[in-house]
Amino acid sequence: MNEFLLIGGMFAVTFLTRYPMMFLVSRIEVPAQVTQAFRYVPIAVLSAIIAPIIFVQNGQISIQINNHFLLAALISVFISWRTRNLLLTIVLGMLAFILLRAVLI
Amino acid sequence: MNEPTGRSAFWAGARATIPLVVGASPFGLIFGALAVSEGLSPNGTLAMSTFVFAGSAQFISVSLISAGANIAVILGTTFVVNLRHMLYSATLAPHFKNLPQRWMLPLSFWLTDESFVASVKYFDSQEDQDHKKYFLLGSELFMYLNWLWVTWLGVKLGQSIPDPGKWGLDFAMVVTFIGMLIPEIKDRPSMAAAIVAAGAALLGRHIPNQLGLLIAAFLGILVAILLENRAAKGQQL
């Protein structure tokens, strides 16, 4: 594997996803419906990224008590909902995950 | 004189990113260790974090290298996995009208999930453009420097991290995203966006290269807007 080509190519294709849209959209007047849609981008993308990691274990959707990803995720959701504190959620959620895994496996 | 306000926005951006750096560090550590054990050179591993700076794409490229994929497949996959950045940069763009290229080029290069979410949250409460670019820059630089540092650490520690998958570090990204997501769910449309996007991502999980993720996100946004418009109509009647 030619690492120079690999990393140069990965830089180029990743930059293509990051720069052109910012350049183009910043130069047009964005319709109100589109900015309305933009408001939901963080919620929708974050949910879509984490759902399969939480629910899919060994290739199957698992909503059982031994799915420690799901349990720790539920605990994290509860902590975030009650405290709105990101750092606390991350630290306690990680702790919950490590403890649950030690207990369940 | 906008320098003092720019400086305070820069540090506000860095401060808002502290928890996100905590969540991202385990990922960079594992990446550094894994990349070297899968056959990337130590310098190549550091170069990838320096020039690509996209965690999930970097992970997938390393697993493709160890699976013997050719370079075209790796680049195609990297592009598709990173397509969500187009949504991010389009969402940020209305905040950066008339921004000079010397700002737009680096700000877009350093764009990540974390800095994007932290910034749109801040931008919704700000009007002055100068504040916005400094905030994003502060967040991005902190994420970037930390990513380089933890990648380097992962490369150095390498084999002395026994079975990194066993440490629960893989949950770090999930809990970070949960902590960013939950405070954003404020009403029925935003709740619907989360549930529909999550459900659709589960149903579409077999669609290759995380393309299901993008389709799911679009569906979540669509349902949220339909609900919002219906609620607005209901109020008029």
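Here the structure is a predicted model, which means the values were calculated and not measured.

Q: What is the right way to read the overall build of chain B from this model?
A: Of the regular secondary structure elements, chain B holds 12 helices and 0 strands. In sequence order, chain B lays out its α and β elements as α-α-α-α-α-α-α-α-α-α-α-α. The C-alpha radius of gyration computed for chain B amounts to 19 Å, which stays within 12% of the reference 18 Å derived for 237 residues, consistent with globular compactness. If one aligns the C-alpha atoms of chain B with their principal axes, the spans along those axes are about 65 × 50 × 35 Å. Burial analysis of chain B (237 residues in total) assigns 48% to the buried set. A separation threshold of at least 6 residues defines the contact pool for chain B, and within that pool the share at least 24 residues apart is 77%.

Q: Can you walk me through the overall build of chain A in this structure?
A: For chain A, the count of helices and strands is 6 helices and 2 strands. The helix and strand sequence of chain A, counted from the amino end, reads α-α-α-α-β-β-α-α. Projected onto its principal axes, the C-alpha positions of chain A cover 55 × 45 × 30 Å. Counting across all 105 residues of chain A, residues that qualify as buried make up 45%.

Q: Can you walk me through the domain arrangement of chain B in this structure?
A: By a widespread convention, an interface's size corresponds to the accessible area lost as its parts come together. Residues and elements named next belong to chain B. Its domain assignment divides chain B into domain 1 (3–167) and domain 2 (185–237). Look at where the C-alpha atoms of domain 1 and domain 2 centre, and you get two points 26 Å apart. Each partner contributes to the interface: domain 1 provides 5 residues, whereas domain 2 provides 5 residues. It is helix α5 (residues 71–81) that provides the largest number of residues to the side of domain 1 that touches domain 2, a total of 3 residues. Across the side of domain 1 that touches domain 2, the residue classes tally to 3 nonpolar, 1 polar and 1 charged.

Q: How should I be thinking about the packing of helix α4 (residues 41–55) of chain A against helix α5 (residues 68–83) of chain A in this particular structure?
A: Between two packed helices, what matters for the description is the angle formed by their axes and the separation of those axes. All names here are of chain A. Close contact between α4 and α5 brings their axes to 7 Å; oriented N to C, the two are set at 130 degrees. Taken together, the axis directions place α4 and α5 in an arrangement best described as oblique. Residues I53, I54 and F55 of α4 pack against F69, L70 and A73 of α5. The class makeup of the residues in the contact of α4 with α5 is 6 nonpolar, no polar and no charged.

Q: I keep staring at the nonpolar core and nothing clicks. Help me out?
A: A general feature of soluble globular proteins is that nonpolar side chains tend to end up buried together. The biggest cluster of nonpolar side chains holds 107 residues, and the ones touching the most others in it are A:A44, A:A48, B:A193, B:A197 and B:A217. Taken domain by domain, the makeup of this core includes at least three residues from each of domain 1 (3–167) and domain 2 (185–237) of chain B. For B:A217, the contacting residues outside a window of four places in its chain are A:A44, A:V45, A:A48 and B:A197.

Q: Help me understand the packing of α4(A) against helix α11 (residues 188–203) of chain B in this model?
A: Axis separation between α4(A) and α11(B) bottoms out at 7 Å; the angle between their running directions is 45 degrees. One way to sum up the angle between α4(A) and α11(B) is to call them oblique. Of the two elements, α4(A) crosses α11(B), and the hand of that crossing is right-handed. Contacts from A:I43, A:A44, A:S47, A:A48, A:A51, A:P52 and A:F55 of α4(A) reach α11(B) at B:S190, B:A193, B:A194, B:A197, B:A198, B:A201 and B:L202. Split by residue class, the contact of α4(A) with α11(B) holds 12 nonpolar, 2 polar and no charged.

Q: Would you mind going over helix α2 (residues 18–37) of chain B with me for this structure?
A: Given 3.6 residues per helical turn, the α-helix brings residues three or four places apart onto the same face. Residues and elements named next belong to chain B. For α2, built from 20 residues, the straight-helix expectation of 28 Å at 1.5 Å per residue is met to within 8% by its first-to-last C-alpha distance of 29 Å. Of all the bends in α2, the greatest reaches close to 35 degrees and is centred on A24; the proline P26 follows between one and four positions later. Within α2, 16 of the 20 residues are buried, which leaves it mostly tucked inside the rest of the structure. A positive phi of about 110 degrees marks G39, the residue just after α2.

Q: Please explain α4(A) as it appears in this structure.
A: Taking 1.5 Å per residue, 15 residues should reach 21 Å; α4(A) reaches 22 Å between its end C-alpha atoms and fits that length. Among the 15 residues in α4(A), 14 count as buried, and that is most of the element.

Q: Hey, could you run me through the interface of chain A and chain B in this one?
A: Opposite the 60 residues of chain A that make contact, chain B presents 73 residues. Those elements that place two or more of their residues in the side of chain A that touches chain B are α1 (3–18), α2 (20–25), α3 (32–38), α4, α5 and α6 (86–104) of chain A. Per-element accounting of the side of chain A that touches chain B gives the leading share, 15 residues, to α4(A).

Q: I would appreciate a short explanation of unusual backbone geometry in the present structure.
A: The general pattern is negative phi for most residues beyond glycine and trans for most peptide bonds. Residues and elements named next belong to chain A. For N58, which is not glycine, the phi torsion reads 55 degrees and is therefore positive. Position of N58 relative to the elements: it lies in the loop between β1 (56–57) and β2 (60–61). Even without a glycine there, the phi angle at R84 is positive, about 55 degrees. Mapping R84 onto the fold places it in the loop between α5 and α6. Residue R84 is classed as exposed on the basis of its 12 C-beta neighbours within 10 Å.

Quick notes on the rules
Residues numbered from 1 in each chain as written. Chains lettered and ligands numbered in written order. Predicted model: local features only at pLDDT ≥ 70, side-chain atom pairs only at ≥ 80, totals over all residues. Helix = DSSP H or I, 4+ residues; strand = E, 2+ residues; numbered from the N terminus. Rg over C-alpha atoms; globule rule 2.2 N^0.38 Å. Buried ≥ 20, exposed ≤ 12 C-beta atoms within 10 Å, placed from the backbone. Contact = placed C-beta atoms within 7 Å. Domains from an automatic or database assignment. Nonpolar A, V, L, I, M, F, W, Y, C, P; charged D, E, K, R; others polar. Axes fitted to C-alpha atoms, helices over the stretch in contact; angles between N-to-C directions. Parallel < 35°, antiparallel > 145°, perpendicular 65-115°, else oblique. Core = buried A, V, L, I, M, F, W, Y, C linked by C-beta atoms within 7 Å. Left-handed = near helix turned anticlockwise from the far one by under 90°. Expected span 1.5 Å × (residues − 1). Bend = angle between axes of the 7 residues up to and from the residue.

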